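Listed below, chain by chain, are the residues.
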Amino acid sequence: MRRLLVLGAGTAGTMVANRLRRELAPAEWQLTVVDRDDDHQYQPGYLFLPFGEYQPDQLTRPRHSLLAAGIELEIGEIDRVDAAANVVILASGRSLPYDYLVIATGVAPRPDLTPGMLGNQWRRSIFDFYTADGACALADALAGFDGGRLVVHIADLPIKCPVAPLEFTFLADAYFRERQLRDQVELVYVTPLSAAFTKPIAAARLGSMLDERKVLLESDFVIERIDPDAKSLISYDEREIPFDLLVTVPLNLGAEYVARSGLGDESNLVPVDKHTLLSRQHRNIFAVGDANNIPTSKAGSVAHFSVEVFVDNFLQYIEGKPMTGSFDGHANCFIEAGNGKGLLIDFNYDTEPLPGRYPVPGIGPFGLLAETRANHLGKLAFRWIYWNVLLPGRPIPLPARMSMAGKKTQN
Ligand SMILES: Cc1cc2nc3c(=O)[nH]c(=O)nc-3n(C[C@H](O)[C@H](O)[C@H](O)COP(=O)(O)OP(=O)(O)OC[C@H]3O[C@@H](n4cnc5c(N)ncnc54)[C@H](O)[C@@H]3O)c2cc1C
């Protein structure tokens, strides 16, 4: 028996296991997935929890129910990988040997790494929405907030779904308008970037959406610490941003065991070849989803498109053949704009988000970098697609490779 071990049963690990279980003969391959609990969360839904649009139980399913027959789910905390011995050791002391290892343990918010964040204001006037607990606590805080300075903040990049803090800001604007409190709320968006977003065309579009909503943009803000008593963010260049309510996206780091195992970079991300996801250090280790260091968004859509390429490559690789697939960094993300509208961006390593229509040129139904109702409905439909199509690894009629069809290039 050959042994494939997948670390992490989140978005990427679940897709990898379900896709490969169909391809690898059960008599020849044992397939095991490890996760610390049996609770799979639909993380894109966290955005809506603070506004009461979803309840937490709508976002959770047991992991084992999402894994195909013939996949073993091992529940336990991963302590380390001994890559020289081809074995993973769990915190319980249990050892799991492997022939091939797929690391899919994602990234997690680390509020402990910014001085003052976890001080006396944590979950009193300082909140995050990148965890289910944080998003639920924030729902109560928003409901009780009837005026003052609401600061939305990104500690550093990369973070998962880098548009999520912008979406939160747009939704907060709409939420306070709906409650007829918008005039009493000063909205501030604080980012370490020099604009609202990374790429010029999207940054200009999203920046003008902040302007239209009268949101103050504080750019190039590299946080040094939070002063919880003064309720203030302080940057390395000694700028201070006071808040009444802070919604922060803490540093996002890969899992600690990745660092302990000598497999990570300074953010505990696994360095891989950006086209094949093969570890740069070990010939039998791949890293998929947020856990790797590829230069594209950390998003479920990237996990999906890259796993499509990875699965075909892996089947070639274990036969000793060259991997012929090449992942191009394809990402797409719906961006909630508030008032029942949204935008869509579609890009890859080489092409920044451009305006146009997607996926059918001239028709859509989705508008690229345009605020439309169809995009909002697409975002809401994504939850159903996630549980029923993406995670089971059913085919989706969208190519893994980004297409220029329907995109308007600017001269
Ligand atoms: C607020 C928010 C909004 C988002 N919106 C979107 C969106 O609109 N569109 C989109 O495409 N993406 C979105 N994302 C991003 C998307 O959820 C992630 O990119 C995706 O889940 C990454 O999948 P993954 O498998 O790499 O990691 P995860 O799904 O996070 O899975 C990692 C798994 O590893 C397990 N694990 C980690 N460490 C250990 C350990 N030591 N021992 C045992 N198990 C461990 C965890 O329990 C987890 O189950 C959003 C994310 C957030 C937080």
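Placed above this text is the structure.
Chemist: I'd love a proper account of the packing of helix α1 (residues 11-23) against helix α6 (residues 300-317), names of residues and values included.
Modeler: Running from N to C, α1 and α6 point in directions that differ by 30°, and their axes come no closer than 9 Å. In terms of their interaxial angle, α1 and α6 are classed as roughly parallel. Judged by the twist between their axes, the crossing of α1 over α6 is right-handed. Here T11, A12, M15, V16, R19, L20 and E23 of α1 lie close against α6, whose contacting residues are G300, A303, H304, V307, E308, F310, V311, F314 and L315. Among the residues forming the contact of α1 with α6, the class breakdown is 10 nonpolar, 3 polar and 3 charged.

Chemist: For the sheet that holds strand β16 (residues 232-235), give the residues involved together with the corresponding values.
Modeler: Strand order in the open sheet made by the 3 strands is β15-β16-β17, with antiparallel pairing throughout. The sheet is open, and its two borders are formed by β15 (223-227) and β17 (240-242), each paired with just one other strand. When strand polarity is set aside, the average angle formed by the axes of neighbouring strands in this sheet is 20°. Relative to β16, β15 runs antiparallel, the two sharing 4 bridges. Its bridge partner lying in β16, R225 is registered against I234.

Chemist: How would you explain α1 if you had to name every residue and give the values?
Modeler: In a regular helix each residue adds 1.5 Å, so 13 residues correspond to 18 Å; α1 covers 19 Å between its end C-alpha atoms and thus fits that length. Of all 13 residues making up α1, 11 are buried, and the element is well covered by its neighbours. Along α1, the residues classified as buried are T11, A12, G13, T14, M15, V16, A17, N18, R19, L20 and R21.

Chemist: Kindly report on the pairing of β16, identifying the contributing residues and their values.
Modeler: Here β16 shows two buried faces, one formed by S232 and I234 and the other by L233 and S235. Hairpin connection of β15 to β16: 4 residues between the antiparallel strands, including K231 at a positive phi of 50°. One ladder, built from 3 bridges, connects β16 with β17; its direction is antiparallel. Residue pairing for β17: L233 is matched across the bridge by I241. Hairpin connection, β16 to β17: the antiparallel pair is bridged by 4 residues, and E238 has positive phi, about 65°.

Chemist: Let's hear about the site of the ligand: which residues, and what values?
Modeler: In the vicinity of the ligand there are 29 residues, among which T11, A12, D35, D290 and G300 approach most closely. With respect to the ligand, the backbone of A12 contributes an N or O atom lying 2.8 Å from an oxygen atom. Those elements giving two or more residues to the shell around the ligand turn out to be α1 and α6.

Chemist: Account for the layout of surface pockets, with residues named and values stated.
Modeler: Here the second largest pocket defines a volume of roughly 320 Å³. Its residues assigned to classes, the lining of the second largest pocket shows 10 nonpolar, 6 polar and 2 charged.

Chemist: Give a detailed account of the pairing of strand β2 (residues 29-35), specifying residues and quantitative values.
Modeler: Looking along a regular strand, one sees side chains alternate from face to face of the sheet. Taken across its 7 residues, β2 has 6 buried, putting it largely inside the fold. Sheet topology note: the strand β1 (residues 2-7)/β2 ladder contains 6 bridges and is parallel. Among the inter-strand pairings, L4 is bridged to a residue of β2, identified as L31. Between the parallel pair β1 and β2, the chain is carried across by α1, and the sense of this crossover is right-handed.

Chemist: Tell me about the sheet that holds strand β14 (residues 216-218), and please be specific about residues and values.
Modeler: On the basis of which strands lie adjacent, the open sheet formed by 5 strands has the order β11-β18-β12-β13-β14 and parallel pairing. Looking at the sheet topology across the chains shown, the edges are occupied by β11 (126-127) and β14. One ladder, built from 6 bridges, connects strand β12 (residues 148-154) with strand β13 (residues 185-190); its direction is parallel. Across the sheet, L150 pairs through a bridge with L187, a residue of β13.

Chemist: Quick one: what's the story with unusual backbone geometry, residue by residue and with numbers?
Modeler: A cis geometry characterises the amide bond from Y358 onward to P359, with omega recorded as -10°. For P359, the position within the fold is in strand β23 (residues 356-360). Here the bond from G364 into P365 is cis, since omega is 15°, no more than 30 degrees from zero. Unusually for a residue other than glycine, N86 sits at a positive phi of about 55°. The topology assignment puts N86 in the loop between β6 (78-82) and β7 (87-90). Accessibility expressed as a relative area gives 26% for N86, which makes it partly exposed. Here D220, not a glycine, exhibits a phi torsion of approximately 50°, which is positive. By secondary structure assignment, the location of D220 is in the loop between β14 and β15. The class of D220 is partly exposed, set by a relative accessible area of 39%.

Criteria and cut-off values
Residue indices begin from 1 for each chain and proceed along its sequence in written order. Given that this is a predicted model, residues contribute local features only at a pLDDT of at least 70 and side-chain atom pairs are listed and counted only at 80 or more, while totals for whole chains, interfaces and linings are drawn from all residues. Only heavy atoms go into the side-chain values, all of them from the structure, while hydrogens and water stay out. Fitted lines through C-alpha atoms give the axes, limited to the stretch in contact for helices. The angle between two N-to-C directions lies from 0 to 180 degrees. Comment: elements are numbered from the N terminus, with helices defined as DSSP H or I runs of at least four residues and strands as E runs of at least two. Roughly parallel refers to an angle under 35 degrees, roughly antiparallel to one over 145, roughly perpendicular to one between 65 and 115, and oblique to any angle outside these ranges. The crossing is said to be left-handed when, going from far helix to near helix, the turn is anticlockwise and less than a right angle, and right-handed when the turn is clockwise. Whether two residues are in contact is decided by their heavy atoms, any of which lying within 4.5 Å being enough. Only Asp, Glu, Lys and Arg are considered charged in this grouping, and only Ala, Val, Leu, Ile, Met, Phe, Trp, Tyr, Cys and Pro are considered nonpolar; every other residue, Gly among them, is considered polar. Any two strands between which DSSP finds at least two bridges are classified as paired. Expected helix span is given by 1.5 Å per residue-to-residue step, counting one fewer step than there are residues. Throughout, exposure labels follow a simple rule: accessible area from a 1.4 Å probe, protein chains only, divided by the maximum for the residue type, with under 20% read as buried, over 50% as exposed, and the rest as partly exposed. If even one non-hydrogen atom of a residue comes within 4 Å of a molecule or strand, that residue is called near it. Side-chain atoms alone can form a polar contact between residues adjacent in sequence; in general such a contact is a pair of N or O atoms within 3.5 Å, and within protein one must be able to donate a hydrogen while the other accepts it. Every definition here rests on a 1 Å grid over the protein atoms only: cavities are sets of points where a 1.4 Å probe fits but cannot get out, pockets are open sets enclosed by protein on both sides within 12 Å along at least five of seven lines, and lining residues have some atom within 4 Å of a point. Grid points are joined across faces, edges and corners, and a volume is the space filled by probe spheres set on the points. With its strands directed away from the observer, a crossover is right-handed exactly when the path from the first strand over the helix to the second travels clockwise.

The quantities given are spatial measurements derived from coordinates; they are silent on function.
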